[in-house]
Amino acid sequence: MPNKRSGGGLSATQQAAKFLGVSVLAGAVMAGIALPAVGALGLAAKGSVEGFDELPANLKQPPLSQRTTILDSKGDSIATVYSRDRTVVDLKEISPYMQQAIIAIEDARFYQHGAVDLKGVLRALNRNAREGGVAQGASTLTQQLVKNVAVEEAGDDPTLVAQATQQTLGRKINELKKAIQLEEELSKKKILENYLNITFFGQQAYGVEAASQRYFSKSAKDLDVEEAALLAGIVQSPSRYDPVNDPQEATKRRNTVLQRMADVGDISQTDADKAKEKPLGLDISKPKNGCITAVKGAGFFCDYVREIFLNDPIFGKTKEKRAKIWNQGGLTIRTTMDPQAQKSVQASVKAHVRQKDEVATAATIVEPGTGKILAMGQSRPYGLDTKKNETSINLSVDESMGGGAGYQPGSTFKPIVAAAAIEDGMSPGKIYSAPYEMAYPSPISTCDGGTWRNGTGSNAAKLENESASEVGPYSMQKATALSVNTYFVQMIADIGICPVTKMAKQMGVERADGRKIDQAPSIALGTQEMSPLTMANAYATFAARGMYCTPVAIDSITQRIGDKSKSLEVPKSTCSRAMSEKTADTINTLLEGVVEDGTGREAGLSSRPSAGKTGTTDFRYAAWFVGYTPNMAGAVWVGDPAHKRRMVNITIGGEWHDKVFGGKVPGPIWRDMMSGALEGKPTPSFNRVFIPDERPDRGRGDDDDGNGNGNGNGDDNGNGDGDGDDDGFVGGTDGGTTFPNPGFSIPENWIQGQSNGGNNGNGNGGGGFG
């Protein structure tokens, strides 16, 4: 015999069976209402539901996921991030029309019944039996709230969501049990408030406040009757009644809600009819979620804050626990980002390197003595469209924090070698022969008590300076200014590798890929890949007179759960002495002249004391300028993140370069970003020290074009450091007639060859410092 009736639908036998099943559920509900303890024991014995124990706290006050707002140091918003777009509000902040509309369409007897509406159950049973299916539900708002809490806790896990919504007798009875207890614990108004804050309204909007902003660009407290009716109608099926994608269906549903409000006496029939005639009146606000929406070019800073939260055990013992707190949201994170510094970084980056250029730049500024990261930016914006040169890789930070594998810092590492030597007792006036070419000295002691040994004969590893004219002897002052490779390798041979790697560690200098720094003398030439943040913070140690402070980006965090807020513990900078004040002051004296008259003079700040060092790697894959004042330190890197494009015969920022030097491209970026960041700030001076003039050198060294002929054009085209990064030394505004360091005087005729003055320095040999 066929099961179907002639008119379609269920047969009489199927209808009876379905009716019986619903009746059993209703009976269980009634048993639970009349005798909750007894009823629950019987059900628990069958494995259908847990006992009627204490109501879970998460039902009294659901842990609703909300927006997290990230602020700069002044309290202005940088970005809003969320797992679910929700802003929790009190019931008094929700329009009375909205409250009436949701009750009218979802649970008209909400204020008259308990957790279960018996009349509603019987009415649903009757209608569903007559129509041969589930034509009407009987869930109260309280029951729906219980279900929504389960879905909320399931998050984005499809398995957990399925378990929270599965149509089984056990889940339904468990839901009813919790609803009964919830009615005993909370007032009707609190239940309604929780429901309106947890419910999904479509278009990524969770809770009525987010929905009101999404569809009408206004607060939930300002909703009028037809707007409230539209939102209330969406709840039953957010996809079917989506007003953006199906306005006709949404209008029909809105009008159904309006009529229901009139039927229950919330509004008059006249008002309902007038409201039905009005258009939907949408004023859509697009979702604004994630670091991609960050203002002031702070997308990468925003992402760095997220990485800190997900990786620091202070926010939870496991990554899963930290992720759960982050996804739950409701956080207000005040960061260390200084809006003035951030604006200046972005302006300088944009002015000097274009988004479409073959190479990119990344820049970071930190505060000496506190470790606070003040700014972070790059020329390739935060995004996923690689055709537009967008990237989600933060070029300023280590790989473990969302960055790349880092970039060789070249000669910017040499001041760390010098600091280790001075701290080890070496005089800053130390003279080395510094030949143009030499084999790496061998053996050299390492940290593990062993030795590094070079090969012999043709197998010996060699190094050379940039130009054949770059031949010592040199003092530390001159060798630092010219970045003489052989000088610093001779230095590391004297003191050993261990003091250098130890000093680097004390200054927070680590490889960007997480590997240990190699125990080899080539580290003196900056061969270990570092990030701009690492180098900026290392130089901040010099600016802070030897005090290293771990970098921090978060100042405070407030977490809101329901209607309560609490402060979370955040990572604090820890400061330790990396070197003596005298050593730091000596390095500051050595580097101050570099930006005044030396290789980094195009980076110099005319209005305040500054110090720094240029750097360029082999084959010009990367160029750097790292510099500082006593109150800010910054690093600028320029290069191809993929390490494929050499910076020769290249256009950057609309300007052609046959060769890129640290002082020529990164230097001006540093100058402009620091000028803006420091505008209006105090202008402290360095504590200069006397640098002994143990033995004046011959004044030879590199010339401006790297050929030793001394054309002295002062255009930074010389290759004075031996690794391709610098472009000569003095010879700029004064034609190379004075040494830039004010800490000692120059003997008469110390520099051989005179310039013709000005910036051209055409004297024979005078251009060797250009």
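Not measured: the values here are computed from a predicted model.

J.: Can you walk me through the overall build of the protein chain in this structure?
T.: If you tally the helices and strands in the protein chain, you get 23 helices and 20 strands. Counting only residues that meet the buried cut, the protein chain has 54% of its 770 residues in that class. Taking all contacts inside the protein chain whose residues are at least 6 apart in sequence as the whole, residues at least 24 apart take part in 71%. Surface summary for the protein chain: the accessible area is close to 31800 Å², and the carbon and sulfur share equals 49%.

J.: Help me out: how do you make sense of the packing of aromatic side chains in this one?
T.: Pairs of aromatic rings are described using the distance from one ring centre to the other and the angle between the two planes. For the coordinates displayed, the defined rule picks out 15 aromatic pairs. Linked through ring pairs, Y539, F542, Y628 and F686 together constitute an aromatic cluster. Lying across the ring of Y432, K430 places its NZ or CZ 5.2 Å from the centre.

J.: Explain helix α20 (residues 497–506) here, please?
T.: Structural remark: α-helix, 3.6 residues per turn; residues separated by three or four positions point the same way. Residues I497, V500, T501, M503 and A504 constitute the buried set of α20. Projection of α20 onto a plane perpendicular to its axis shows the buried side chains occupying an angular sector of 160°, all on one side. Facing away from the buried side of α20, by more than 90 degrees, are the exposed residues K502 and K505. Looking at the buried positions of α20, the neighbouring elements they touch are α17 (414–423), β8 (444–445), β9 (451–452) and α19 (485–495). Of the residues flanking the end of α20, it is G508, one or two places downstream, whose phi is positive at about 75°.

J.: I would appreciate a short explanation of the pairing of strand β1 (residues 68–71) in the present structure.
T.: On a regular strand, each side chain points to the face opposite its neighbour's, so the side chains alternate between the two faces of the sheet. Direction of pairing for β1 relative to strand β2 (residues 77–81): antiparallel, over a ladder of 4 bridges. Its bridge partner being in β2, I70 is matched across the sheet by A79. Count of turn residues in the β1/β2 antiparallel hairpin: 5 residues, of which G75 carries a positive phi of about 95°. Bridging between β1 and strand β3 (residues 331–335) involves 3 bridges; their strand directions are parallel. Considered in β3, the bridge of L71 is made with R334.

J.: Is there a simple way to think about the pattern of salt bridges in this case?
T.: Oppositely charged side chains can pair when the atoms bearing their charge come close. If you walk through the whole model with that rule in mind, you get 24 salt bridges. The structure contains a network of salt bridges with shared partners spanning R545, R577, E581 and D585.

J.: Looking at this structure, how should I read the state of the cysteines?
T.: Formally, a disulfide is one covalent bond, and it connects the sulfur atom of one cysteine to the sulfur atom of another. Tallied over the entire structure, the rule returns 3 disulfides. What pairs with C447 in a disulfide is C498, and their sulfur atoms sit 2.1 Å apart. Residues C447 and C498 are joined through a disulfide that is right-handed, its torsion about the S-S bond being 95°. Of this pair, C447 sits in the loop between β8 and β9 while C498 sits in helix α20; the two residues are 51 residues apart in sequence, bridging distant segments of the chain. With relative accessibility at 39%, the residue C447 sits in the partly exposed group. With a relative accessible area of 23%, C498 lands in the partly exposed category. The disulfide partner of C549 is C575, and the S-S distance across this bridge is 2.1 Å. Given an S-S torsion of about 110°, the disulfide between C549 and C575 has right-handed geometry. With a gap of 26 residues between them, C549 in strand β12 (residues 547–549) and C575 in strand β15 (residues 575–577) connect regions that are remote in the sequence. When its relative accessible area of 39% is taken as the criterion, C575 is described as partly exposed. The connectivity of the disulfide-linked cysteines in the protein chain, indexed sequentially, is 1-2, 3-4, 5-6.

J.: Could you clarify how one ought to interpret the packing of α17 against α20 in this entry?
T.: The axes of two packed helices give the description: the angle between them and the distance between them. At their nearest, the axes of α17 and α20 sit 9 Å apart, and the two run at 110° to each other. In terms of axis orientation, α17 runs roughly perpendicular to α20. As α17 packs across α20, the resulting crossing turns out to be right-handed. Of α20, the residues touching α17 (which contributes I416, V417, A419, A420 and E423) are P499, V500, M503 and A504. For the contact of α17 with α20, the class distribution of residues is 8 nonpolar, no polar and 1 charged.

J.: Before we go on, may I ask you to explain the nonpolar core in this structure?
T.: Soluble globular proteins tend to bury their nonpolar side chains together. In terms of nonpolar packing, the biggest core is built from 96 residues, with Y304, F413, Y487, M491, M507, I587 and Y628 touching the most fellow members. In terms of residues, this core owes the most to one element, helix α21 (residues 532–543), which gives 8 residues. Setting aside residues up to four positions removed in sequence, M507 forms contacts with I416, A538, T541, F542, Y548, A578 and M579. L64, V88, M98 and A272 belong to the second-largest nonpolar core, a separate cluster that totals 53 residues.

J.: Can you walk me through the sheet that holds strand β13 (residues 554–561) in this structure?
T.: Pairing between the strands of a sheet is mediated by backbone hydrogen bonds and can be parallel or antiparallel. A sheet is described by the order of its strands in space; here 5 strands give the open sequence β2-β1-β3-β13-β14, paired in mixed fashion. Looking at which strands have only one partner, the edges of the open sheet turn out to be β2 and β14 (564–568). For this sheet the average axis-to-axis angle between neighbouring strands, irrespective of direction, equals 20°. In the packing of helix α15 (residues 319–328) onto the sheet, the strands contacted are β1, β2, β3 and β13, and the crossing angle to β13 comes to about 70°.

J.: Quick question: what am I supposed to make of the sheet that holds strand β16 (residues 611–616) here?
T.: Read from one edge to the other, the open sheet built from 5 strands follows the order β5-β4-β18-β17-β16, with strand pairing classed as antiparallel. Both edges of this open sheet fall to β5 (373–378) and β16, since each of them pairs with a single strand only. Between one strand axis and the next, the sheet turns through 5° on average, direction left out of account. In the sheet, β16 pairs with strand β17 (residues 622–629) via 6 bridges, with the strands oriented antiparallel. Among the inter-strand pairings, T616 is bridged to a residue of β17, identified as A623. Helix-sheet contacts for helix α23 (residues 666–678) involve β4 (360–366), β16, β17 and β18 (632–639), and the interaxial angle to β18 is about 145°.

J.: Mind showing me how you'd approach the packing of helix α4 (residues 96–106) against helix α11 (residues 225–234) here?
T.: Contact geometry for α4 and α11: axes closest at 8 Å, N-to-C directions at 40°. Taken as axis vectors, α4 and α11 run oblique relative to one another. For the pair α4 and α11, the sense of crossing is right-handed. Across the interface between the two elements, Y97, M98, A101, I102 and I105 from α4 touch V225, A228, A229, L231 and A232 from α11. Looking at the contact of α4 with α11 residue by residue, the classes come out as 10 nonpolar, no polar and no charged.

Cut-offs applied
Residues numbered from 1 in each chain as written. Predicted model: local features only at pLDDT ≥ 70, side-chain atom pairs only at ≥ 80, totals over all residues. Heavy atoms only, no water. Helix = DSSP H or I, 4+ residues; strand = E, 2+ residues; numbered from the N terminus. Buried < 20%, exposed > 50% of the residue type's maximum accessible area, 1.4 Å probe, protein only. Contact = heavy atoms within 4.5 Å. Areas by Shrake-Rupley, 256 points an atom, 1.4 Å probe, with all protein chains shown as cover. Phe/Tyr/Trp six-rings, centres within 6.5 Å; stacked < 30°, edge-to-face > 60°. Lys NZ or Arg CZ within 6 Å of the ring centre and 35° of its normal. Arc of directions from axis to C-beta. Pairing = 2+ DSSP bridges. Salt bridge = Lys/Arg side-chain N within 4 Å of Asp/Glu carboxyl O. Disulfide = S-S within 2.5 Å. Axes fitted to C-alpha atoms, helices over the stretch in contact; angles between N-to-C directions. Parallel < 35°, antiparallel > 145°, perpendicular 65-115°, else oblique. Left-handed = near helix turned anticlockwise from the far one by under 90°. Nonpolar A, V, L, I, M, F, W, Y, C, P; charged D, E, K, R; others polar. Core = buried A, V, L, I, M, F, W, Y, C linked by side-chain atoms within 4.5 Å.

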